[in-house]
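Inside the fold
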4 protein chains.
Amino acid sequence: MNTFGRYFRCTSFGESHGKALGVVIDGCPPGIELSESDLMPFIERRRPGKSALSTPRIESDIPEILSGVFEGRTTGMPVAVLVYNRGHISGDYDSLKDLFRPGHADFTYQHRYGRRDFRGGGRSSGRETVSRVLAGGVAMKFLEKYGIFVSAEIIEIHGERDPVRFEDEILSAKAAGDSVGGIVEIRASGCPVGLGSPVFGKLDSEIASAMMSVGSVKGVEIGDGFEASKKFGSENNDEMDSSGFLSNHAGGILGGISTGEDIVVRIAVKPTPSVEKEQKTVDTAGDERVISVGGRHDPCIVPRVVVVAECMLALVLADALIGSRCLMRDCE
Amino acid sequence: MNTFGRYFRCTSFGESHGKALGVVIDGCPPGIELSESDLMPFIERRRPGKSALSTPRIESDIPEILSGVFEGRTTGMPVAVLVYNRGHISGDYDSLKDLFRPGHADFTYQHRYGRRDFRGGGRSSGRETVSRVLAGGVAMKFLEKYGIFVSAEIIEIHGERDPVRFEDEILSAKAAGDSVGGIVEIRASGCPVGLGSPVFGKLDSEIASAMMSVGSVKGVEIGDGFEASKKFGSENNDEMDSSGFLSNHAGGILGGISTGEDIVVRIAVKPTPSVEKEQKTVDTAGDERVISVGGRHDPCIVPRVVVVAECMLALVLADALIGSRCLMRDCE
Amino acid sequence: MNTFGRYFRCTSFGESHGKALGVVIDGCPPGIELSESDLMPFIERRRPGKSALSTPRIESDIPEILSGVFEGRTTGMPVAVLVYNRGHISGDYDSLKDLFRPGHADFTYQHRYGRRDFRGGGRSSGRETVSRVLAGGVAMKFLEKYGIFVSAEIIEIHGERDPVRFEDEILSAKAAGDSVGGIVEIRASGCPVGLGSPVFGKLDSEIASAMMSVGSVKGVEIGDGFEASKKFGSENNDEMDSSGFLSNHAGGILGGISTGEDIVVRIAVKPTPSVEKEQKTVDTAGDERVISVGGRHDPCIVPRVVVVAECMLALVLADALIGSRCLMRDCE
Amino acid sequence: MNTFGRYFRCTSFGESHGKALGVVIDGCPPGIELSESDLMPFIERRRPGKSALSTPRIESDIPEILSGVFEGRTTGMPVAVLVYNRGHISGDYDSLKDLFRPGHADFTYQHRYGRRDFRGGGRSSGRETVSRVLAGGVAMKFLEKYGIFVSAEIIEIHGERDPVRFEDEILSAKAAGDSVGGIVEIRASGCPVGLGSPVFGKLDSEIASAMMSVGSVKGVEIGDGFEASKKFGSENNDEMDSSGFLSNHAGGILGGISTGEDIVVRIAVKPTPSVEKEQKTVDTAGDERVISVGGRHDPCIVPRVVVVAECMLALVLADALIGSRCLMRDCE
């Protein structure tokens, strides 16, 4: 459940306020140049505290590669990378230990496991995405070798599509002790035709699974997505001529397999559930309480989700690329 | 790639115009009453040719249980069920064997595998969903025992939300030699708190994967989904009092784990790619061609997707329910 | 649990006296020539009733390929093959339905599942190996393309190593209402260097798992096996010169990865547990009983295990061969 | 490939002379008391340098739990544990970097991956078993809760079965610049009836896979093992009366499922391949060379395999015990 992928298998571990977070990548191909400095940009991009738009919590994360790299290149053995947790004060969270914060996993974790690490959300914290960007950073190094590049951008904040107004939306929510969400679009270019498998291993199925596994993501669409459901077949089909596809409504995937066109994905990110505004909840004893979640919280998590979403797409593509090598087309 | 699930593992096989389609369910609990007649309603509901709204192709499908049932109950051994293909005329498809139909998987399968069964789309045909409803039918029998029920309905056709006008939308598309899509909402009631696992085994992640694995599905959302991205955190959070949750914007899932509220999912279904309207394409030699896909095709696949979507949710829930038993909460 | 393999994944189903037994192979490469007649020799070789040495039960098994083959070649889609059960009379087994036969799985299945198909052992019957030889037959067709060949022979029966005396050992056991076991040696030639993965995916680990999954196998050894434990390191190591390895004590595997030498495996097969001699047992109510298992049983299962063991090694090698393609050695 | 288990999934990482070795356990039940001091005894027992019988290399290993434990108990989240490598001098191994040591994985790793971490055998080193005893230590804490205990002992060294003479066998091999192997017997008591699954998830199949995944293990047998192949069926069957089984030739497993009797396993351990005696080999350029592997090597690895073998059996049983909970016997 904490492993993603079939061939490029990433196993994530760690809690928000535990000793360390990290990932083990099993199935990483040999020969890829890799060092901690390759991973720092990913850590940096997801880091909070860079502006008024995000939590001032300082995460001075330094990735440490423990295995699988020798003389500067991967060896084909498991690549373990971790980041020790620093700079948090667990005392911040003591007041919340008996409360189920609305919109958070407190209630469900407590019921499923009978206990939970309540410090900063423990395993359900957005901090778990540190593991994802470490793995995604390695995946991107691998994909680059094959000319595949992934990027993402915010296309909507709180329903607003004009990027000039994104910051205002966030700041006014913050001022009101509230939070906002938005939509991120992720694209991959350079994908060869043929990534993905029929039926349950469809590339779009893997992408949907990957994106929806990111906390706060509530919707995923490929290509024209929900808009496609409102069109005629003749409009939605991507015609072809000898130069290739004439449009890309499908978002680069047909029958679950990549077409060679850009892969296009959009995700809906919910507003951060931690808000200062008072809300009704219950405590672990079942008693009614009123909660105001103060402290260092992002009024909008969307800017930090961007790099995480890129990394998740990179993980799916790295997996599919290796999988496509297993086909043994030389049997005939 | 043709197996879905970790505990209630369904392996699908078969092509549109091959000898048979079927599924093997490994991990089906023992003791469930099961016979072919339990599966007929699911086969019936996905069957085409019931009205002017769907293809007149007659599929007289009779499920046959080959294993895993003894004296009317499952034994815990693999349940294999199949349906022999009848009533198709392969000759219908010979004219298409060298053409890549726009919006279909012909192009991508050919490139990935170097060959393909072109008769009726082969493995990429919607007919593969026979396997899914067979498995889903068994899953529903199992879920019923635990008071979990799944249902789905069409909530939009071609952008139209008034059910009274759904049929018109489909028939006018058909008259124009075109097709339309729509949106289906799927709900599960009676789920206990605690289904689903953190990080990559999140219930919403599994649901997204399941739904997006259905051909023609281009988007998935949970609870308020894309709408959630347009709201304030204080609006989107589901508050609680001693009676439980006061709303269900989350769609019954927090932190990837079920809350006990109804699970709510919506999927976007694209318009059927097979349209009579002429479209540009290429053939396997790369030459430009014009194609009109006649024959027995649904002008709108949405009504037939309803039962398939229900079955996919049932498969996810059956899997998660068994998974929740592995927790061994009695260790303390 | 009924699936074997990571890449060439075989899912087995069916009971001794159910409707049918079969296998679904997911991950079978495209382009392999395949028809039912390719599988008949494997079915024939495991068939009982060919001589006085085995049970006279007549199994007129005819394999039927249901999917994954088009125009005489595999398509890369799941290959489902089955055999309908014929020629058995369930009535034979009614007297045993409440008894736990010594050395059989009756007791353990009953406790694990709370119920069992008692007819002929149900799923625990040796008849389940029909699925294995169907899958193994396909694997061998695939391996042949790459010059890999698997064969096996009996090297010991009831402790006797002279093949001339094997038949006598079996017949005298039969005459005494008893049974005997033996040892089978399986070899693969033509394996390239590099099959198998470090640590938990070692080729010898997979082989041990495969062989021990065959009912009645109680021991597995690779190369010199248990004898290796009695030698000096200097004797057991395989030295090399420029022509290659100078010996093959290792049985073709070092560090879990194939060396290019013949892979050599031996398995210990226990005597058939069904014997006419009276034995103490209990019934499902816990009452003490005396049992004599008459009927159509092999006095020695070893001759029929030969083809099954070959097929299991073929499955491991097919899997490892595909896995070796996932390495993407071109990253540098 | 570096992950073991289906439910209690252990992912191992690290090289002999890399930064650290460790394991991530995904699926560890919540509520188990766990601290580093619980793992120290396992680390200690596999530690070399304790006597003249093993390598004087000093491994001052200190386990560090990074995640999955809160307030002294497991939380159900992944338990990551590592040990930093200390006390090794990589320079020791430079002379061997171009040589394929006989009986080692140097040759096969080089061919499979195109590169390898040659320092101390890298990933193929016996030092990888640090990860296994860390995981096994956690598994044992879990099994204890259910009354299951695992132990192992050496029953043969270099063909000698008298324990009094084991030390002599090892010391005389050492004096001759050579090495010896032996046989270890592992037992589990307290197992409930019903662990293990039919066909490919048989408990003995999992045990065989686990044991054979330990470097230097060349054979595995269950119960009477190879001896069973030399007996009559009537001798080998375990009869029952109302008090239970009257013997345990089967080694506690019937039909792949535990009987409730002690589980009995024996493994054949080959002599350490590193010997001072000169041996023929080739270098990476293919040139013939003579090698004498000096340095800190165990003349007999068997004493250190004991705890590793115990841990592997504990991992299999932990997995099977959780798996047995997934059966949902309450469906009827």
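Quick caveat, the model's predicted, so the values are computed rather than measured. (Residues numbered from 1 in each chain as written. Chains lettered and ligands numbered in written order. Predicted model: local features only at pLDDT ≥ 70, side-chain atom pairs only at ≥ 80, totals over all residues.)

**Section: the overall build of chain A**
Helix and strand counts for chain A stand at seven helices and 17 strands. Against the 2.2 N^0.38 benchmark of 20 Å for 332 residues, chain A shows a C-alpha radius of gyration of 21 Å, consistent with a compact globule. With respect to the principal axes defined by its C-alpha atoms, chain A has extents near 65 × 55 × 35 Å. The buried share of chain A, reckoned over its 332 residues, is 66%. (Helix = DSSP H or I, 4+ residues; strand = E, 2+ residues; numbered from the N terminus. Rg over C-alpha atoms; globule rule 2.2 N^0.38 Å. Buried ≥ 20, exposed ≤ 12 C-beta atoms within 10 Å, placed from the backbone.)

**A look at the relation of the copies chain A and chain B**
The two copies are related by a screw operation: chain A maps onto chain B through 180 degrees of rotation and 0.0 Å of translation along the axis, at an RMSD of 0.0 Å. Taken together, the rotation and translation describe the operation of a two-fold axis. Within chain A, A:Ser209 has its C-alpha nearest the rotation axis, a separation of 2.3 Å. Mapped onto chain B, 100% of the interface residues of chain A are again interface residues, and the two copies thus contact each other with one and the same surface. (Least-squares fit on C-alpha atoms with pLDDT ≥ 70 in both. Contact = placed C-beta atoms within 7 Å.)

**Section: the interface of chain B and chain D**
Opposite the 18 residues of chain B that make contact, chain D presents 18 residues. Tallied by class, the residues present in the side of chain B that touches chain D amount to twelve nonpolar, two polar and four charged. (Nonpolar A, V, L, I, M, F, W, Y, C, P; charged D, E, K, R; others polar.)

**Structural notes on the sheet that holds strand β2 (residues 9-14) of chain C**
Residue and element names in this part refer to chain C. The antiparallel open sheet is built from five strands, whose spatial order is β1-β2-β3-β7-β4. This sheet does not close on itself; its edge strands, each paired only once, are β1 (3-4) and β4 (63-65). Judged from the six bridges that link them, β2 and strand β3 (residues 20-26) form a sheet pairing that is antiparallel. Counted as the bridge partner of Arg9 is Asp26 from β3. In the packing of helix α3 (residues 129-144) onto the sheet, contacts are made with β2, β3, β4 and β7 (79-84), and the angle to β3 comes to roughly 35 degrees. (Pairing = 2+ DSSP bridges. Axes fitted to C-alpha atoms, helices over the stretch in contact; angles between N-to-C directions.)

**Overview of the UniProt feature "binding site: NADP(+)" (unreviewed entry) in chain A**
Residue and element names in this part refer to chain A. UniProt annotation of "binding site: NADP(+)" (unreviewed entry) refers to Arg46 when read in the numbering used here. For Arg46, the location among the structural elements is in helix α1 (residues 36-46). The class of Arg46 is buried, set by 23 C-beta atoms lying within 10 Å. (UniProt positions renumbered as here; feature names shortened; annotations may be inferred.)

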